[in-house]
Amino acid sequence: MKQRLFRNLHQEVIMKGTLLVKNVKHLVTCDANDRLLDGVDVFVRDGVIESIGHVEETAEDVIDASHMVMYPGLINTHHHLYQTFSRNLPQVQNMELFPWLKTLYEIWKRVDEDVVYYSSLTGMGELLKTGCTTCLDHHYVFPKGAGGDLMGAQFEAARALGMRFHATRGSMDLSVKDGGLPPDSVVQTVDEILCDSELAVKKYHDGSRYSMGQVALAPCSPFSVTGELLRESAVLARKLGVRLHTHLAETRDEEQFTLSHFGMRPLAYMESLGWTGPDVWYAHGIHFNDQELQLLARTQTGVAHCPVSNMKLASGVALIPRMLELDVPVGLAVDGSASNDGSNLLEEMRVAYLLHRLNWSRKAPSGYEILKLATRGSARILGRDELGQISPGMAADFFLVDFDRIEMVGAQFDPASALCTVGLKGSVNYTVVNGRIAVRDGRLVNVDEDRIVEKANAAVENYING
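On a predicted model such as this, the values are computed, not experimentally measured, just so you know.

## Observations concerning the packing of aromatic side chains
Counting across every chain of the model gives 13 aromatic pairs. With a centroid separation of 5.2 Å and an interplanar angle of 20°, the aromatic rings of Tyr71 and Phe399 are classed as stacked. With Tyr71 in strand S5 (residues 68-72) and Phe399 in strand S14 (residues 398-402), the pair connects residues that are 328 residues apart, well separated along the chain. A relative accessible area of 0% places Tyr71 in the buried class. On the basis of relative accessibility, which here comes to 0%, the residue Phe399 falls in the buried class. Three or more aromatic residues joined by ring pairs form one cluster here, namely Tyr82, Trp100, Tyr105, Trp108 and Tyr140. The positively charged end of Arg169 is found above the aromatic ring belonging to Phe142, 3.9 Å away from the centroid.

Right, here's the structure in full:
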């Protein structure tokens, strides 16, 4: 790994300690009773919330939250962090998914360890500054000759920042010459993928409660992988006890692809390969019919909702109100920065709220219900029942927003909904992950932000112009 940009990495990860958040003006718990608590203290010991109320304990670190609203940490359930280095490119801004992918693969085939490391620092840094405490990344581009440990580079960046990180070992084995979209240089054989997937799980997956790092298996999509890879990945994931993830039902083009190649709609095709169940979640899930939504509900197969990306690529609008009515597990996600141009889950929440208001009117989720998608809902589809809410015994992952700022004047009457109805323009005041402060006064604590910007800009210039 290239020169580190963090301070005291080992200490930040393993250090035990206490934190007291005093006099929280409003605490939005997102707990089972949807409690909103006023004027309370929150005491954290060794990364876990120990008590809420009037706390007499002393702590090693104290936050005065008398002007602040406290929320559970947001959880991002689908990203492509490497795409942070290919956002805002003019040549793809008016394309839809298939031509967009074919154009960008010519850039992405140059991905290497440096690109993955600095794009991960950049994307996860932005997420932390906007209240996200857990990030799931779907990395599926492994160019021949890239060298290095691409997944290791991501975990290195997450540890540097102090972020809870879920990686997926993505994969592609269906190139252009075989009828897929990616170039030959970024696909691998099924045997190579399965071998590397098992090694990645053994090396990086920690399935314990409160773990800071986990791994899932994630073949890219039905139009870039073979049925053999999908089937064998599902068998391997269940043997190893990890989750399964892929893109599905994102566009009508994908629907036509599976119908013409397999004689089945996308979900029926995936079901035939063992890809339904509470250990599976799909990114997007836009073009499901009602019968398919009922199947998702029966099998408890999840959906990561990515509204900004879906709007930019003109893919459509997922039927989120109907999914929630049926109790389909749904979380929120930013998707890759090449189709979102950012890594801001707060923005994603507000867009989701407004998009579904536009499409569903009174049937749309409320602002608070969208917040719960980004917290409890996202925790559910990642299988993390210790995340997504603020209550004793939960992981100490949360963020705080000072409402005594000009952008929030008049927003105090419904703090549970304010982040979706009013929105937050800028960084949060504090982000805490695993009981450790990762963002203070809107700035990253464990790394030198200015140095990251300098190094990342140099890396992206070399990558794009290389």
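## Side note on the environment of Glu271
For Glu271, the location among the structural elements is in helix H8 (residues 266-272). Separated by 175 residues in sequence, Glu271 and Asn446 have C-alpha atoms that sit 43 Å apart. The contacts of Glu271, once residues within four sequence positions are left out, are Thr276 and Leu295.

## Concerning unusual backbone geometry
Of note, Asn88 is a non-glycine position whose phi angle comes to about 60°, a positive value. Among the residues examined, Asn88 registers a relative accessible area of 55% and is labelled exposed.

## Considerations on the packing of helix H3 (residues 113-129) against helix H16 (residues 449-465)
Direction vectors running N to C along H3 and H16 enclose 135°, while the axes themselves pass 9 Å from each other. Our classification of the angle between H3 and H16 gives oblique. Pair H3 / H16 crosses with left-handed handedness. Contact residues: Val115, Tyr118, Leu121, Thr122 and Lys129 in H3; Glu449, Ile452, Lys455, Ala456, Ala459 and Tyr463 in H16. For the contact of H3 with H16, the per-class residue count stands at seven nonpolar, one polar and three charged.

## A closer look at the domain arrangement of the chain
Each assigned domain of the chain is listed here: domain 1 (18-73 + 387-444) and domain 2 (74-382). Here domain 1 and domain 2 have C-alpha centroids that lie 28 Å from each other. Opposite the 39 residues of domain 1 that make contact, domain 2 presents 30 residues. Carbon and sulfur atoms make up 62% of the surface buried where domain 1 meets domain 2, a total of about 2,700 Å² over both sides. It is Leu387, Cys420 and Leu444 in domain 1 that bury the most area against domain 2; as a group they hold 21% of the surface buried on that side. Residue Arg164 pairs with Asp397 through a salt bridge whose shortest N-O separation is 2.8 Å. Along the contact surface separating domain 1 from domain 2 lie 13 residue pairs in polar contact (both at pLDDT 80 or more). Counting only elements with at least two residues in the side of domain 1 that touches domain 2, the list comes to S5, S14, helix H15 (418-421), strand S15 (430-433), strand S16 (436-440) and strand S17 (443-444).

Rules of the game
- Residues numbered from 1 in each chain as written.
- Predicted model: local features only at pLDDT ≥ 70, side-chain atom pairs only at ≥ 80, totals over all residues.
- Heavy atoms only, no water.
- Phe/Tyr/Trp six-rings, centres within 6.5 Å; stacked < 30°, edge-to-face > 60°.
- Helix = DSSP H or I, 4+ residues; strand = E, 2+ residues; numbered from the N terminus.
- Buried < 20%, exposed > 50% of the residue type's maximum accessible area, 1.4 Å probe, protein only.
- Lys NZ or Arg CZ within 6 Å of the ring centre and 35° of its normal.
- Contact = heavy atoms within 4.5 Å.
- Axes fitted to C-alpha atoms, helices over the stretch in contact; angles between N-to-C directions.
- Parallel < 35°, antiparallel > 145°, perpendicular 65-115°, else oblique.
- Left-handed = near helix turned anticlockwise from the far one by under 90°.
- Nonpolar A, V, L, I, M, F, W, Y, C, P; charged D, E, K, R; others polar.
- Domains from an automatic or database assignment.
- Buried area = accessible area lost by both parts, 1.4 Å probe.
- Salt bridge = Lys/Arg side-chain N within 4 Å of Asp/Glu carboxyl O.
- Polar contact = N/O pair within 3.5 Å; in protein donor to acceptor, adjacent residues only side chain to side chain.

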